[in-house]
Amino acid sequence: MKIAINTGGGDAPGLNAAIRSATLSALRMGWEVVGIQNGYGSLYTDEPFIPLTRERVRGITMLGGTILGTANRGNPFEMPYKKQDGTWDAEDRSDELVDVFRRYGVDALVAIGGDGSMRIANRIAKKGVKVVGVPKTIDNDIWACDISLGFDTAVTTATDAIDKIATTAQSHRRIMVVEVMGRYAGWIALHSGLSASADAILIPEIEFSLESIVDKIFEREAKGEKYSIIVVAEGAVEVGGSRFVKGKKIGQSEQLGGIAEYLESELSERTGKESRSLVLGHLQRGGVPSAYDRLISLRFGAAAVRVLDEGQVNKMIVMQQSTIRAIPLEEVADKMKLVPLDSDTIATAREIGICLGD
Ligand code: F6P
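As the structure is a prediction and not an experimental result, all values here were calculated from the model. Counting restarts for each chain: residues are numbered from 1 in the order of the written sequence. Local features are withheld for residues below a pLDDT of 70 in this predicted model, meaning they are given only at 70 or higher, and side-chain atom pairs are given and counted only at 80 or more; totals for whole chains, interfaces and linings count all residues. Only hydrogens and water are set aside when side-chain values are computed; all heavy atoms of the structure are taken into account.

A.B. asks: Lay out helix α8 (residues 291–309) with the relevant residues and their values.
C.D. replies: The secondary structure listing takes helices from DSSP runs of H or I that are at least 4 residues long and strands from runs of E that are at least 2 residues long, numbered from the N terminus. Under the convention used throughout, the expected extent of a helix is 1.5 Å for every residue step, that is, one less than its residue count. The terminal C-alpha atoms of α8, which comprises 19 residues, lie 27 Å apart, in line with the 27 Å expected from a rise of 1.5 Å per residue. The positive-phi residue at the C-terminal boundary of α8 is Gly-311, with phi of around 85°.

Following this line, the structure appears as structure tokens:
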């Protein structure tokens, strides 16, 4: 048996731990393991795979990033290329992928990725390649999976940053708006905002009104609390407004961002208070994985190999109620796990007086 490991899409802390455990488990079974570099990019070069050996994966559990490299523009079904006139277009190069797998004798693909990567993995599976998906994304928006690798570290990083912002906000009696990642889901904003005692948390699942945030700021003022911390998810939307999109390149999903700056000026205007904003950005994807992320990454990686060994294919490893399961990849592709509005986390935020913008 020969398996290829791929890490596609945005990186997340814990990827290396998953690569290591999948590699070591497979090697113990006597399988051969290779890595695909830079998303699916290396498949279209003279060196499509690199051997993954015991030596190559030694000491990487605690390393952030991915030793394989990744790319956000590496969808084999929509590969961007530059046309002669200098503009960009995309083409379907998935048949070449299947061909490379066949030529190099690769029996199965372990695709470690987020929702976009799972959509791609599902399409690859439909072309006859055996696939097992491993859930990775700091956004935590993978369907049917309680937690994806990278989320815990991202929340910890964001929480730590908001804690630091709070001390300067207090000194200057300012409104501080902190924009966090998460794409169309509010998991990072909700979990870090709650953990860092934000005064308002704005998530894509709840449209916000400026009035509601302003009311919260004045309510705090009336109690002598002269500063406020607003945590906003990059994908949050104002009632009657639209998402803040910075741009979209061919073969890539839209790039979100800019809402914090908007809130900084609107809130300052409406309250007469000084306001500042900052975007935590890719800081949330970096750094060493937390112990929890290392652990689930190791569990996910080993489970992927276990599932293949059992002869199960086209599955996705998920965590459900602290138990690892394998569910059909088909079930996950094209779906997104948003924050349920009836969850106890949302209830907790409301019950302790956090403004959710509605
Ligand atoms: O999906 C992970 C993520 O970090 C999102 O939270 C964010 O919107 C996006 O990736 C940023 O992607 P890029 O690395 O292309 O800027």
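A.B. asks: Just give me the short version of the packing of aromatic side chains, but keep the residues and values in it.
C.D. replies: One pair of aromatic rings is described through two measures. These are the centre distance and the angle between the planes. Planes of paired rings set the category: under 30 degrees apart is stacked, over 60 is edge-to-face and the rest tilted, where pairs are Phe, Tyr or Trp rings (Trp by its six-membered ring) whose centres lie within 6.5 Å. Across all of its chains, the model carries three aromatic pairs by this definition. With centroids separated by 5.4 Å and ring planes inclined at 65°, the aromatic side chains of Phe-49 and Tyr-104 adopt a geometry described as edge-to-face. Residue Phe-49 is located in strand β3 (residues 49–51), and its partner Tyr-104 is located in the loop between α2 (94–103) and β6 (108–113); the two are separated by 55 residues in the primary sequence. The interplanar angle of 40° and the centroid separation of 5.3 Å between the aromatic rings of Phe-244 and Tyr-262 together place this pair among those described as tilted. Taken together, the residues span a long stretch of sequence, with Phe-244 in the loop between β10 (228–233) and β11 (245–247) and Tyr-262 in helix α7 (residues 259–271) at a distance of 18 residues. Burial classification: accessible surface area is computed with a 1.4 Å probe over protein chains only, and a residue below 20% of its type maximum counts as buried, one above 50% as exposed, and the rest as partly exposed. Assessed through its relative accessible area of 26%, Phe-244 is described here as partly exposed. You can call Tyr-262 partly exposed: its relative accessible area is 23%.

A.B. asks: Residues and numbers for the domain arrangement of the protein chain, please.
C.D. replies: The assigned domain composition of the protein chain is domain 1 (2–149 + 289–332) and domain 2 (152–286). Just so you know, the domain bounds were taken from an automatic or database domain assignment. Domain 1 and domain 2 are separated by 32 Å when their C-alpha centres are compared. It only takes one pair of heavy atoms within 4.5 Å for two residues to be counted as in contact. Taken together, the contact between domain 1 and domain 2 spans 19 residues of the former and 16 residues of the latter. When two parts are brought into contact, each loses some accessible area as probed by a 1.4 Å sphere; the total of that loss over both is the buried area. Of the roughly 1500 Å² buried at the junction of domain 1 and domain 2 (both faces included), carbon and sulfur atoms supply 54%. The term salt bridge refers to a pairing of a side-chain nitrogen on Lys or Arg with a carboxyl oxygen on Asp or Glu at a separation within 4 Å. Linking domain 1 with domain 2 are one salt bridge. Nitrogen and oxygen atoms within 3.5 Å of one another constitute a polar contact, given that in protein one can donate a hydrogen and the other can accept it, and given that sequence-neighbouring residues count only through two side-chain atoms. Linking domain 1 to domain 2 there are seven residue pairs in polar contact (both at pLDDT 80 or more). For the side of domain 1 that touches domain 2, the secondary-structure elements that each account for two or more residues are β5 (88–91) and α8. In terms of residue count, the dominant contributor to the side of domain 1 that touches domain 2 is β5 (three residues).

A.B. asks: So what's going on with the side chain of Ser-94? Residues and values would help.
C.D. replies: With respect to the helices and strands, Ser-94 occurs in helix α2. Under the relative-accessibility criterion, Ser-94 is labelled buried at 2%. Ser-94 has contacts with Tyr-44, Pro-76, Phe-77 and Lys-127, leaving out every residue within four places of it along the chain.

A.B. asks: Residue-level account of the sheet that holds strand β1 (residues 2–7), with values.
C.D. replies: Here, any two strands with at least 2 DSSP bridges between them count as paired. A sheet is described by the order of its strands in space; here seven strands give the open sequence β3-β2-β1-β6-β7-β14-β15, paired in mixed fashion. The sheet is open, and its two edges are formed by β3 and β15 (323–328), each paired on a single side. If you compare each strand with its neighbour and ignore which way they point, the axes differ by 30° on average. Here strand β7 (residues 130–135) runs beside strand β14 (residues 315–320); their pairing, made up of two bridges, is parallel. A fitted line through C-alpha atoms represents every axis, and for helices the fit uses only the stretch in contact; the resulting angles, taken between N-to-C directions, go from 0 to 180 degrees.

A.B. asks: Let's hear about the site of the ligand: which residues, and what values?
C.D. replies: A cutoff of 4 Å decides nearness: a residue is near a molecule or strand if any of its heavy atoms lies inside that distance of it. All residues adjacent to the ligand are Asn-72, Ile-138, Asp-139, Met-181, Gly-182, Arg-183, Glu-234, His-282 and Arg-285. Within the contact set of the ligand, an oxygen atom lies 2.6 Å away from a side-chain nitrogen or oxygen of Asn-72. Interatomic distance of 3.2 Å between a backbone N/O atom of Gly-182 and an oxygen atom of the ligand. Within the shell around the ligand, the residues separate by chemical class into two nonpolar, three polar and four charged. Per-domain counts for the shell around the ligand show at least three residues from each of domain 1 (2–149 + 289–332) and domain 2 (152–286). Think of it as three bins: nonpolar holds Ala, Val, Leu, Ile, Met, Phe, Trp, Tyr, Cys and Pro, charged holds Asp, Glu, Lys and Arg, and polar takes everything else, Gly as well.

A.B. asks: Describe the packing of helix α6 (residues 210–222) against α7, with residues and values.
C.D. replies: Where α6 meets α7, the axes come as close as 10 Å, and the angle between the chain directions of the two elements is 60°. Between α6 and α7, the angle falls in the class oblique. The interaxial crossing formed by α6 with α7 has right-handed handedness. Only Tyr-262, Leu-263, Glu-266, Leu-267, Arg-270 and Thr-271 of α7 make contact with α6, whose side of the interface consists of Leu-210, Glu-211, Ile-213, Val-214, Ile-217 and Phe-218. An angle below 35 degrees is treated as roughly parallel, one above 145 as roughly antiparallel, one from 65 to 115 as roughly perpendicular, and anything else as oblique. In this scheme, a crossing is called left-handed if the near helix is turned counterclockwise away from the far one by less than a right angle; it is called right-handed if the turn is clockwise.

A.B. asks: I'd like a rundown of the pairing of β15, residues and numbers included.
C.D. replies: In this sheet, β15 lies alongside β14 in antiparallel orientation, the contact comprising six bridges. Following the sheet pairing, Gln-320 is matched in β15 by Thr-323. The loop that links β14 with its antiparallel partner β15 comprises two residues; one of these, Gln-321, has a positive phi angle of about 50°.

A.B. asks: Give a detailed account of α7, specifying residues and quantitative values.
C.D. replies: Its 13 residues give α7 an end-to-end C-alpha distance of 18 Å, which sits within 8% of 18 Å, the value for a rise of 1.5 Å per residue. When we look at burial in α7, the residues that qualify are Ile-259, Ala-260, Leu-263, Leu-267 and Thr-271. Here the buried residues of α7 occupy an arc of 90° about the axis, which is enough to place them on one side. Exposed side of α7, more than 90 degrees from the buried face: Glu-261 and Glu-269 are the residues found there. Those residues of α7 that are buried lie in contact with β8 (175–180), β9 (200–202), α6, β10 and β13 (275–279). A positive phi of about 75° marks Gly-272, the residue just after α7. In this description, the arc belongs to the directions extending from the helix axis to the C-beta atoms.

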